[in-house]
Amino acid sequence: MGKQLNVALIGNPNTGKTSVFNQLTGLNQKVGNYPGVTVEKKEGKCKLSNGQFAHIVDLPGTYSLNATSPDEKIVADLLLQKRNESYPDVAVIVADVENLKRNLLLLTQIKDLNIPTILAINMADTMKRKGISVDLQQMEEKLHARVVLLSARSGKGMAELKGLIQDYDKLSSESCVQFTDIDPVYFEAQKKKFHGENLYKRWLNTVLENGSLKQEDEDQITSVQFENKSETEIKRLQQKETILRYLFINQLLKDSYKRDPALAEDFRSRVDKILTHRIFGYVIFFLIMLLVFQSIYNWSSYPMDLIDQLFTQMAEWVDNTLPEGALTSLISEGIIPGIGGIVIFVPQIAFLFLFISLLEESGYMSRVVFLMDKIMRRFGLNGKSVVPLISGTACAIPAIMATRSIDDWKERLITILITPFITCSARLPVYLIIIALVIPENSFLGMNLQGLTLMGLYILGFLTAVFSGYILNKMLKLKSRLFFISEMPAYKLPLLKNIVYTVIEKTKSFVVGAGKIILAISVVLWFLASNGPGEEFRNAKNIVQKNEQNQQLTEEDMANAIASYKLRHSYIGIIGHTIEPVIRPLGYDWKIGIALISSLAAREVFVGTLATVYSVGSEEEETIKNRMMKETDAVTGKKIFNFATGISLLLYYAFAMQCISTLAVVKRETNSWKWPVIQLVFMTGFAYVVSMVAYQLLK
Amino acid sequence: MKETIVQLKRGEKGIIKEFSTEAIPLKFQEVGCLPGNEVRLIQFSPFKDLVYLTVNDSHFAIRTETAALIEISRIK
Ligand SMILES: Nc1nc2c(ncn2[C@@H]2O[C@H](COP(=O)(O)OP(=O)(O)OP(=O)(O)O)[C@@H](O)[C@H]2O)c(=O)[nH]1
Ligand SMILES: [Mg+2]
């Protein structure tokens, strides 16, 4: 077999490129009903009917090759580098049938690069309802491209598309507009100068070099360029070019695209009058959020308790069944409680992902962008920052990547910097268990007080994010280009299959991801906790039994006293005690300190770590919650998880930069260590101070 | 008097007139904000900083400042 067959999926944002990609490759990349879901190049393989494999590339959406934001630049870059190993042999333009006009603009540009092109008109399932009809034959003739009607949702037309890809050498690579007409004299001269080279490519290079993205990756752009043209002149020519292309498109569609005006009832506009209304819009948004938090709290407490008990029984069973020894206690005291400390949160995480994906798939996300733009701008952000901020409630990492669709670098940077304040799903476990321990179960105005506290924490995270944005906006001396455009996609009934899949997939990766970390950590912790250096560890039993005060203890209490004495003098106990002075002012004991450190790897392992540490330090198996409830402070004799410490911990986790992976992504997206370091120092420093003040006041 | 998109009321339409290239980012032109096209105003955002329009079969929101630079002639 020779060179691989490269197929690039190109098109406007939100036209279903990723859905087509998933259909072709059988993969499951993220799909969502708002522009800017895909922000990086994704690759996969597709088997054609002749047995050959095609290499499929999914790209971010773009309106044209004149890129202005980093995600759009990925597309332009790929198409300008002929030597790139994934330079497409075939471009499949995925277009939305409802919006052909705008989608064809990009097609005419790609054709000018002389890339063999297929036009895939997607969402064909909506045509009947909207009264749209298309004359494919006429289109094919005028566009010099094959056209196929497609529905990525139902799979209709996919076989035909694959067939066209397979016969790619029969596709035309002729252009369909004469773009050089915008300045014939100039381009004639260029043609002579760059003999045989693609003039549109030359022109694009000139344009992109002139545009705002020139500071990055300059080397990729061929250095010889057109005779200098002034910036205004280039802009004028670009406008002329756009008009020229639309002239062609309008002419084409006038004959080959029909839309029944009677069926053009605009559902979207009518719904939007309410959802983006200046009062109802906010009320509805607030009610949706309230529903989310109440349900996360109320609906999942039952399965949560069940899981907790299940793991306790499991540990007990292992303890009783397996022969006594180091391995058994590693399993029953280290691994099972550690894993249990994560699995217990599966119901909540699943609910959270369910709501996020409903918001994303319905099209509501873009309406929130519209509602929030003004408020966000006051804080140096952008309406589009809302998308990262909302998806940040799942995880900061994809959220930071999602900022790529923000055109303005300053607004993008600020969004990246503040996103980690948003309450991510990894904080949820910490919040839930601590709220359950320190906030009474009363209800307030008919709402669950614990649920309200949780919502309060989400609001706190959000406000801190926004407020930091305000400060950063004042501090950062960066030039800002005020220019904003946000598409309002049509509302879609979320596809049940997609939703279920997303929820299961995300929940699974939460459990597996955190599970791996906790597995490793719990083995290490267990080892450090069951071994100790000195006489005090080895002779713990004698020392405790000899102690006068302990003489009257029952057998059970005695056993516990010995266990905790041992733990105190184990390696982990020694490490913990060394750091204890630093965290004492915040109201934490050394065990919490250990959990803080290990949760730097991932916040969600906090509970698992505590479960392991507590489990080694006591003789019987108990649920995580009960164990935490009973834990008393060796110094003050009070309950460890009292109100003051609880609040202090909640605040610490709300503010601290407790996530190494996020730092790594920030480094990658900002291309410097400066920003992640600043984030780490400021967020964690701030968290420390706030928690200390809170603890000292409440104590 | 010059009329721009911002002077439209909700639900009203206009035809875009010639505008100066300098003021209007290319991207807006590429999605269809071009002279001769019909534009309909759907909604102002709560503090009037964005306008939600349809033009060229697309639905999108742009900043009010920018919309105020796009002259139109109103369709009754
Ligand atoms: N009705 C219908 N909806 C579709 C079809 N294909 C995709 N969609 C929906 O269109 C929306 C956008 O799909 P994506 O595949 O994420 O679009 P994309 O082009 O990759 O979007 P970006 O990555 O943001 O540029 C999702 O809500 C899909 O469920 C289709 O054939 N019919
Ligand atoms: Mg996509």
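Calculation criteria
- Residues numbered from 1 in each chain as written.
- Chains lettered and ligands numbered in written order.
- Predicted model: local features only at pLDDT ≥ 70, side-chain atom pairs only at ≥ 80, totals over all residues.
- Heavy atoms only, no water.
- Pairing = 2+ DSSP bridges.
- Helix = DSSP H or I, 4+ residues; strand = E, 2+ residues; numbered from the N terminus.
- Axes fitted to C-alpha atoms, helices over the stretch in contact; angles between N-to-C directions.
- Near = heavy atom within 4 Å.
- Polar contact = N/O pair within 3.5 Å; in protein donor to acceptor, adjacent residues only side chain to side chain.
- Nonpolar A, V, L, I, M, F, W, Y, C, P; charged D, E, K, R; others polar.
- Contact = heavy atoms within 4.5 Å.
- Buried area = accessible area lost by both parts, 1.4 Å probe.
- Salt bridge = Lys/Arg side-chain N within 4 Å of Asp/Glu carboxyl O.

Turning next to the sheet that holds strand β2 (residues 38-44) of chain B. Across the sheet, 6 strands lie side by side as β11(A)-β4(B)-β3(B)-β2(B)-β1(B)-β5(B); this open sheet has antiparallel pairing. Strand pairing shows two members of the sheet lacking a second neighbour, β11 (485-487) of chain A together with β5 (72-75) of chain B, which therefore form its edges. Neighbouring strand axes in the sheet, compared pairwise and without regard to direction, differ in orientation by 35° on average. The pairing of strand β3 (residues 50-55) of chain B with strand β4 (residues 58-63) of chain B spans 6 bridges and is classified as antiparallel.

Bringing the site of ligand 1 into the picture now. Residues and elements named next belong to chain A. Taken together, 25 residues lie near ligand 1, and Lys17, Thr18, Ser19, Val37 and Thr38 sit nearest. Take Tyr34: an N or O atom from its main chain is 3.4 Å from an oxygen atom of ligand 1. For the shell around ligand 1, a count of residues per class yields 7 nonpolar, 13 polar and 5 charged.

A few words now on the interface of chain B and chain A. Contacts between the two partners involve 32 residues from chain B, matched on the other side by 44 residues from chain A. Carbon and sulfur atoms make up 57% of the area that chain B and chain A hide from each other, which totals about 3600 Å². Counting the surface chain B buries against chain A, the share from its top three residues, B:Lys27, B:Glu30 and B:Arg63, is 20%. Our count for the chain B to chain A interface comes out at 4 salt bridges. A salt bridge links B:Asp49 to A:Arg377; its shortest N-O distance comes to 3.5 Å. Seen at the junction of chain B and chain A, the total is 19 residue pairs in polar contact (both at pLDDT 80 or more). Secondary-structure elements contributing two or more residues to the side of chain B that touches chain A are α1 (26-31), β2, β3 and β4 of chain B. For the side of chain B that touches chain A, the per-class residue count stands at 16 nonpolar, 8 polar and 8 charged. In this sheet, β4(B) lies alongside β11(A) in antiparallel orientation, the contact comprising 3 bridges. Residue pairing in the sheet places A:Glu487 in a bridge with B:Phe60 of β4(B).

This part takes up the sheet that holds strand β2 (residues 42-47) of chain A. Residue and element names in this part refer to chain A. In spatial order, the strands read β2-β3-β1-β4-β5-β7; together these 6 strands make up an open sheet with mixed pairing. Looking at which strands have only one partner, the edges of the open sheet turn out to be β2 and β7 (146-149). Looking at each pair of strands side by side, their axes are set apart by 25° on average, direction ignored. Relative to strand β3 (residues 53-58), β2 runs antiparallel, the two being bridged by 6 bridges. From the neighbouring strand, Lys42 faces β3, where its bridge partner is Asp58.

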